[in-house]
Amino acid sequence: MHHPASRPTDRAAAPFAPPRRPRGWPTAALLAAVAAFAAFILANLAHYSFGRDQGIYAMVAEAFFHGGAPYADAWDFKTPGIFFVFAAARALFGIGETGMRIFEILSFLAMGGGFWLISRRVIDGRAALLAFAIAVFGLTIVGFWHVTQPESFGAVVLSFAILLAMPMRPGPARMAAWAGSAALYTFAALLKPTLGGGILVTFGFVVWQVAQAEGWRALWRPTAAFFVGGASMLGATAAYLVASGAWDAFYDALFVFAPQYTAVSYTDTSFGQLVLDTLSEFVRTWALPPVGILALLVLGMRDPARRAITLHILGVVAVILLGVALQAKLFHYHFATAAALSALPAAWGFWLVWERVAGYRIALPLCLVLAVPLLGATNEARKFWIETRQRVAMLTMPAEDAARRDAQLYKLWTTDTQANRDAAAWLKAEAPEGSTLFVWGFEPIIYYYSGLRPHNRYIYNVPMRARWSQETARAEFLAGLEAAPPWAIVVQENDKLPWVLGDPRGSREVLEEEFGALRDALGADYMLSETFGPLQIYTRNAPG
């Protein structure tokens with residue numbers, strides 16, 4: 001059958017049926033409670049300290065502001081998108097954790113705007129507030145280590161990528177929207193490669209829309225638009241890396257080092273089992289989205305247009321979860337994009353329930369009471385509420401006691417936040433002007449807190465400890481050490497990273513057992529000046 005390209009169908013012009021709109025004080029009170037809850041969650045997020053990964057991202061981003069570039073002047077093996085994000089936050093709000101938190105919260109508010117633009121066409125714009133609250137709760141409850149990650153910002157980016165792919169009238173604006181969607185998916189892949197896979201789902205839904213409305217001969221339009229959008233983002237990034245002289249270092253980090261790092265986690269576990277473990281971890285960590293999505297599947301799938309956008313979003317979420325399984329590392333932050341995006345259909349399900357009960361007097365108190373167990377249904381949520389009580393208690397503590405309690409909240413695994421802060425404060429106070437620092441360990445946050453410039457591009461020592469890269473990395477470091485030794489060297493102990501390196505030893509053990517050149521340099525040219533927890537600070541001996 002021929003479908004004229006010049007005349008869109010009624011669905012393309014008005015693709016969603018007018019929803020019912022519950023009104024009155026119960027709905028207003030519900031929305032006020034949801035808004036207050038979301039604000040309270042964001043207040044917790046504003047208080048979070050940086051974890052280890054955030055320290056890396058911040059220090060790589062600093063290279064932009066000192067005439068350098070990622071990889072070539074500040075090494076990491078993440079894709080460059082997250083460094084661009086941290087650099088943008090630094091440019092807008094200055095150096096420091098507070099500026100990054102402001103940027104992150106504003107990003108989440110923008111995501112909420114994207115949720116509203118989608119929800120008002122699907123069910124009711126007010127449901128977006130519920131989606132936003134569920135999303136920020138899911139992003140925050142996993143704790144400071146797992147926020148401000150590529151996946152956190154991936155949720156923001158993909159919410160708009162999906163929005164731009166929703167049905168529109170034919171014309172230049174639609175072509176631009178498709179190109180924008182592809183560009184956003186490509187940027188998501190630059191944040192984390194596995195986040196870009198959803199473009200296949202979105203492109204498939206766009207193709208289906210166009211084929212239904214205009215026929216298969218019109219498919220060149222979305223194909224061309226998606227190609228231009230994706231190629232433009234990739235081309236701009238590649239051009240920057242080449243122009244900055246960082247391409248070779250980027251290639252080595254992403255295509256030589258990273259695959260071997262990824263292989264460390266693979267075991268004899270079958271891929272099917274990894275997928276099951278991923279789904280189990282998702283449901284076990286985030287209780288609200290599965291319940292809301294179940295409600296939507298039961299109550300809201302009769303409308304074909306709503307069914308299409310729901311399947312679109314759930315398809316993108318499924319691809320993201322597949323990417324988590326492929327990484328074979330079930331870290332909570334790997335799930336962040338899926339947790340946030342799934343909040344949108346979940347909120348629609350809860351809103352449909354509210355539409356059906358809003359007229360009853362008992363509805364509002366009953367819904368609020370039923371929400372309480374859901375908000376504490378997982379181990380992560382319960383831990384979050386315990387830590388929240390501590391954050392509130394700190395408001396009335398003396399400053400010194402509050403600072404100690406604060407550092408304890410952000411002590412995890414082998415990271416000792418109090419030791420990092422104390423070491424950085426000592427270095428900042430004692431270092432001569434223009435001094436450089438080298439951290440033989442996995443705490444680049446010390447550079448960030450102290451304000452001292454890294455001695456070399458290896459802002460943490462994993463490349464010099466990994467068996468597949470240590471020879472080249474150590475040779476590069478030693479050449480720099482001989483040419484211009486740093487004023488101070490911090491040695492960390494007990495930073496054991498078997499899931500990263502496949503080696504159970506910490507930095508101190510590796511130094512003593514196999515890195516004789518650095519060990520000898522410490523003995524001959526440096527003295528132990530201070531110790532803070534697992535950190536020993538060696539400063540260079542005065543000449544003569």
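Being a predicted model, the structure only gives us computed values, none of them experimental.

Parameters at a glance
Residues numbered from 1 in each chain as written. Predicted model: local features only at pLDDT ≥ 70, side-chain atom pairs only at ≥ 80, totals over all residues. Heavy atoms only, no water. Helix = DSSP H or I, 4+ residues; strand = E, 2+ residues; numbered from the N terminus. Rg over C-alpha atoms; globule rule 2.2 N^0.38 Å. Contact = heavy atoms within 4.5 Å. Areas by Shrake-Rupley, 256 points an atom, 1.4 Å probe, with all protein chains shown as cover. Lys, Arg positive; Asp, Glu negative; His and termini not counted. Charge placed at Lys NZ, Arg CZ, Asp CG, Glu CD. Polar contact = N/O pair within 3.5 Å; in protein donor to acceptor, adjacent residues only side chain to side chain. Core = buried A, V, L, I, M, F, W, Y, C linked by side-chain atoms within 4.5 Å. Buried < 20%, exposed > 50% of the residue type's maximum accessible area, 1.4 Å probe, protein only. Salt bridge = Lys/Arg side-chain N within 4 Å of Asp/Glu carboxyl O. Expected span 1.5 Å × (residues − 1). Bend = angle between axes of the 7 residues up to and from the residue. Patch = residues over 30% accessible without salt bridge, like charges linked within 9 Å, V, L, I, M, F, W, Y side chains within 5 Å. Pairing = 2+ DSSP bridges. pLDDT = per-residue confidence, 0-100. Phe/Tyr/Trp six-rings, centres within 6.5 Å; stacked < 30°, edge-to-face > 60°. Lys NZ or Arg CZ within 6 Å of the ring centre and 35° of its normal.

1. A short note on the overall build of the chain
Piece 1. A count of helices and strands for the chain gives 26 helices and five strands.
Piece 2. A globule of 544 residues ought to have a C-alpha radius of gyration of about 24 Å, and the chain, at 26 Å, matches this closely.
Piece 3. Oriented by its inertia axes, the alpha-carbon framework of the chain measures out at about 85 × 55 × 45 Å.
Piece 4. In the chain, 74% of the contacts between residues at least 6 apart in sequence involve partners at least 24 apart.
Piece 5. By element, 63% of the accessible surface of the chain is carried by carbon and sulfur atoms, the whole surface being about 23,000 Å².
Piece 6. Put simply, the chain has 43 plus and 40 minus side-chain charges, and the middle of one group is 16 Å from the middle of the other.

2. So, the side chain of glutamine 470
Piece 1. Among the secondary structure elements, glutamine 470 is positioned in helix H23 (residues 470–483).
Piece 2. There is a polar contact of 3.1 Å between the side chain of glutamine 470 and the backbone oxygen of arginine 465.
Piece 3. Setting aside anything within four residues of it in sequence, one finds glutamine 470 in contact with Pro463, Met464, Arg465 and Glu514.

3. Some remarks on the nonpolar core
Piece 1. Ranked by size, the top nonpolar core spans 161 residues in total, and within it Trp348, Leu427 and Leu518 carry the most contacts.
Piece 2. Considering each element in turn, this core owes the most residues, 11 residues, to helix H6 (residues 127–140).
Piece 3. The residues touching tryptophan 348, leaving out its near neighbours within four places in the chain, are Ile118, Ser119, Val122, Ile123, Ala127, Leu296, Ile309, Thr310 and Ile313.
Piece 4. In terms of nonpolar packing, the next biggest core, distinct from the first, is built from 12 residues, Val206, Val207, Val210 and Leu219 among them.

4. Some details on the pattern of salt bridges
Piece 1. The full count for this structure, using the stated rule, is 20 salt bridges.
Piece 2. Between glutamate 62 and arginine 90 there is a salt bridge whose closest N-O contact spans 2.4 Å. With glutamate 62 in helix H3 (residues 52–62) and arginine 90 in helix H4 (residues 81–93), the pair connects residues that are 28 residues apart, well separated along the chain.
Piece 3. According to the relative accessible area criterion, glutamate 62 is buried, its value standing at 5%.
Piece 4. Since its relative accessible area comes to 22%, arginine 90 is described here as partly exposed.
Piece 5. Two residues, aspartate 401 and arginine 404, come together in a salt bridge whose shortest N-O distance is 2.5 Å. With aspartate 401 and arginine 404 both in helix H19 (residues 399–409), this residue pair falls three residues apart, about one helical turn.
Piece 6. In this structure, a network of salt bridges that share partners links the residues Arg474, Asp503, Arg505, Glu513 and Glu514.

5. Overview of helix H11 (residues 247–263)
Piece 1. Helix length check: H11, at 17 residues, gives a terminal C-alpha distance of 24 Å against a target of 24 Å (1.5 Å per residue), a fit within 8%.
Piece 2. In the structure, H11 departs most strongly from a straight axis at phenylalanine 257, where the bend amounts to approximately 35° and where the proline proline 259 lies between one and four residues downstream.
Piece 3. Here H11 has its buried residues at Ala249, Phe250, Ala253, Leu254, Phe257, Ala258 and Tyr261.
Piece 4. Tucked into the core, H11 has its buried residues touching helix H10 (220–243), helix H22 (462–465) and helix H24 (498–501).

6. Remarks on a nonpolar patch on the surface
Piece 1. A surface patch of nonpolar side chains, amounting to about 450 Å² of accessible area, comprises Leu92, Phe93, Ile102, Leu106 and Leu109.
Piece 2. When residues of the nonpolar patch are traced back to their parent elements, those giving at least two are H4 and helix H5 (97–122).
Piece 3. Counting residues per element, the nonpolar patch draws most heavily on H5, at three residues.
Piece 4. A relative accessible area of 60% means that leucine 92 is categorised as exposed.

7. Examining the sheet that holds strand E5 (residues 535–540)
Piece 1. Taken in spatial order, the five strands of this open sheet run E2-E1-E3-E5-E4, and their pairing is mixed. Unpaired on one side and paired on the other, strand E2 (453–454) and strand E4 (526–532) mark the two borders of the sheet.

8. Quick word on helix H7 (residues 150–164)
Piece 1. End to end, H7 covers 21 Å across 15 residues, agreeing with the expected 21 Å (1.5 Å per residue, within 8%).
Piece 2. Buried residues dominate H7, accounting for 13 of its 15 residues.

9. Quick notes on the confidence of the model for the chain
Piece 1. Mean pLDDT over the chain works out to 92, with 95% of the residues at or above the 70 mark.
Piece 2. Per-element mean pLDDT across the chain ranges from 40 in helix H1 (residues 10–13) up to 98 in H7.
Piece 3. Contacts of residues 1–19 to residues separated by more than four positions or lying in other chains number 33 contacts, the stretch itself having pLDDT below 50.

10. Section: the packing of aromatic side chains
Piece 1. Counting across every chain of the model gives 40 aromatic pairs.
Piece 2. Ring centres of phenylalanine 282 and tryptophan 286 lie 5.6 Å apart, and the angle between their planes is 35°; this geometry places the pair in the tilted category. One exposure class covers both phenylalanine 282 and tryptophan 286, and it is buried.
Piece 3. Considering the side-chain rings of tryptophan 286 and phenylalanine 335, the 5.7 Å spacing of their centres and the 40° angle between planes classify their relative orientation as tilted. Taken together, the positions of tryptophan 286 in the loop between helix H12 (271–285) and helix H13 (288–299) and phenylalanine 335 in the loop between helix H14 (304–327) and helix H15 (336–341) put the pair 49 residues apart, joining distant regions of the chain.
Piece 4. Its relative accessible area of 3% is what places tryptophan 286 among the buried residues.
Piece 5. For phenylalanine 335, a relative accessible area of 0% gives the class buried.
Piece 6. Among the aromatic residues, those joined into a ring-pair cluster are Phe50, Tyr57, Tyr71, Phe83, Phe86, Trp247, Phe250, Tyr251, Phe255 and Tyr448.
Piece 7. Its end group placed over the ring of phenylalanine 515, arginine 474 keeps NZ or CZ at 4.6 Å from the ring centre.

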